[in-house]
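One-letter residues, chain by chain:
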Amino acid sequence: MNSKISVKALSQNAPNVQPTGVPDESIYNDPHIYDPLTLEHAEEDGNDRRKRRFRRLAEIWRRLRRNKLAMVGLVILAVLILCAIFADYVAPYKANQFDMGALFAKPSRQHIFGCDNFGADIFSRLIYGSRISLRIGFICVGIALVIGVSIGALCGFFGGVVDIVFMRLIDIFQAIPDILLAIAIIAAMGPGLANLMIAVGIAAIPAYARIVRASVLSLREMEFVEAARATGSNPARIIFKHILPNCLAPIIVQATLGFAYAILNAAGMSFIGLGLEPPTPEWGAMLSTARGYIRDYPHMTLFPGLVIVLTIFALNVVGDGLRDALDPRMKR
């Protein structure tokens, strides 16, 4: 009796069994069963998505609350924003309400921060100035963020000629100090609030472009990006849905620092006469006006400088707290 059994006969009689741990290929074509990117059910109702999003935000807020400095900074920023919004109700005087009998008045009950060389209440001007300074920060960071992140993402993802051309242009811009580049742009476009914000925003673009490019270069070869490519996702979807969300931590930190730099650079432009001019209630312009009286009337520089310092401090600690709360690698 021949004890040998052919392999072909065995294969014909053997049941169709998939290897352990490997799903049947038919499930890849059923969107109700399997999503190759998330390994979850691809279709879920709106309530489930909203619940998952709410749980994610609650977890971020819980981690942010652990950082006491971040919460202090958040309170400071909230107060500044509320003062900017409700300045007409919070400020005891109008921004340009001058009292010739209160020139250089020192802090008192009537004027808690004193008065400047025009007889205007410094506390009221700081409150109204928060509108201008915060607007400068937001718009400058917005300009730099949109352009810089776009350039950095394109260069990091595509590489090649795109990377070479854009990064050489970034190198040229970065070779010029930010303040000098802003001065050159304002000198060409003319002074004014709009030109000031454009100049400071353009000068900050290289920092965002380099940070995002470095992050994208480290992420574009990772498994989740390869999985997205394998499913046929186009480059725009891969960049904006899969790569940039994982670059949030360095972008947020740079944005908070950039907000502070924007306020300081705008103050510098006003100081040399290329930004806002007195009697506009802008923090940098107030410091510029008070520099000639710092020895005799130090309160004129003390309070605007203190407000700038507190704002920068708040932005920095909130940025660090958000970095720790948003970065998945910082989870405990």
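The preceding data block contains the structure.
Residues numbered from 1 in each chain as written. Predicted model: local features only at pLDDT ≥ 70, side-chain atom pairs only at ≥ 80, totals over all residues. Heavy atoms only, no water.

**Student:** I'd like a rundown of the overall build of the chain, residues and numbers included.
**Tutor:** Counting its regular elements, the chain contains 14 helices and zero strands. For the chain, the succession of helices and strands along the chain, N to C, is α-α-α-α-α-α-α-α-α-α-α-α-α-α. Looking at the 332 residues of the chain, the share that counts as buried comes to 38%. Once local pairs closer than 6 in sequence are excluded, the contacts in the chain between residues at least 24 apart make up 68%. Roughly 19200 Å² of accessible area belongs to the chain as shown, and the carbon and sulfur atoms make up 63% of that amount. (Helix = DSSP H or I, 4+ residues; strand = E, 2+ residues; numbered from the N terminus. Buried < 20%, exposed > 50% of the residue type's maximum accessible area, 1.4 Å probe, protein only. Contact = heavy atoms within 4.5 Å. Areas by Shrake-Rupley, 256 points an atom, 1.4 Å probe, with all protein chains shown as cover.)

**Student:** How would you explain the packing of aromatic side chains if you had to name every residue and give the values?
**Tutor:** The description of an aromatic ring pair rests on the distance of the ring centres and on the angle between the ring planes. Here the structure, examined in full by the defined rule, presents seven aromatic pairs. Each ring, one from Phe-113 and one from Phe-303, has its centre 4.1 Å from the other, and the planes form 5 degrees; the classification is stacked. Of the two residues, Phe-113 is situated in the loop between helix H4 (87-90) and helix H5 (122-158) and Phe-303 in helix H14 (residues 299-326); the sequence distance between them amounts to 190 residues. Since its relative accessible area comes to 15%, Phe-303 is described here as buried. Counting every residue linked through ring pairs, the aromatic cluster contains Phe-104, Tyr-293 and Tyr-297. (Phe/Tyr/Trp six-rings, centres within 6.5 Å; stacked < 30°, edge-to-face > 60°.)

**Student:** Provide a residue-level description of the nonpolar core, including the pertinent values.
**Tutor:** Membership of the largest hydrophobic core comes to 30 residues, with the highest contact counts inside it found for Ile-122, Leu-126, Phe-259 and Trp-283. For this core, the element with the highest residue contribution is H14, accounting for eight residues. Setting aside anything within four residues of it in sequence, one finds Leu-126 in contact with Phe-113, Trp-283, Met-286, Phe-303, Pro-304 and Val-307. (Core = buried A, V, L, I, M, F, W, Y, C linked by side-chain atoms within 4.5 Å.)

**Student:** So what's going on with empty space enclosed by the protein? Which residues, and what values?
**Tutor:** As enumerated under the stated definition, the model contains one cavity of 30 Å³ or more in all. As for the largest cavity, its lining consists of Asp-116, Asn-117, Phe-118, Ile-122, Arg-125, Pro-278, Pro-279, Met-286, Thr-289, Ala-290 and Met-300. Put simply, the parts of the chain that give the lining of the largest cavity at least two residues each are H5 and helix H13 (283-290). Here the element with the most residues in the lining of the largest cavity is H13; it accounts for three residues. Among the residues forming the lining of the largest cavity, the class breakdown is seven nonpolar, two polar and two charged. (1 Å grid on protein atoms, 1.4 Å probe; cavity = no way out; pocket = protein on both sides within 12 Å on 5 of 7 lines; lining within 4 Å. Points joined across faces, edges and corners; volume = space filled by probe spheres on them. Nonpolar A, V, L, I, M, F, W, Y, C, P; charged D, E, K, R; others polar.)

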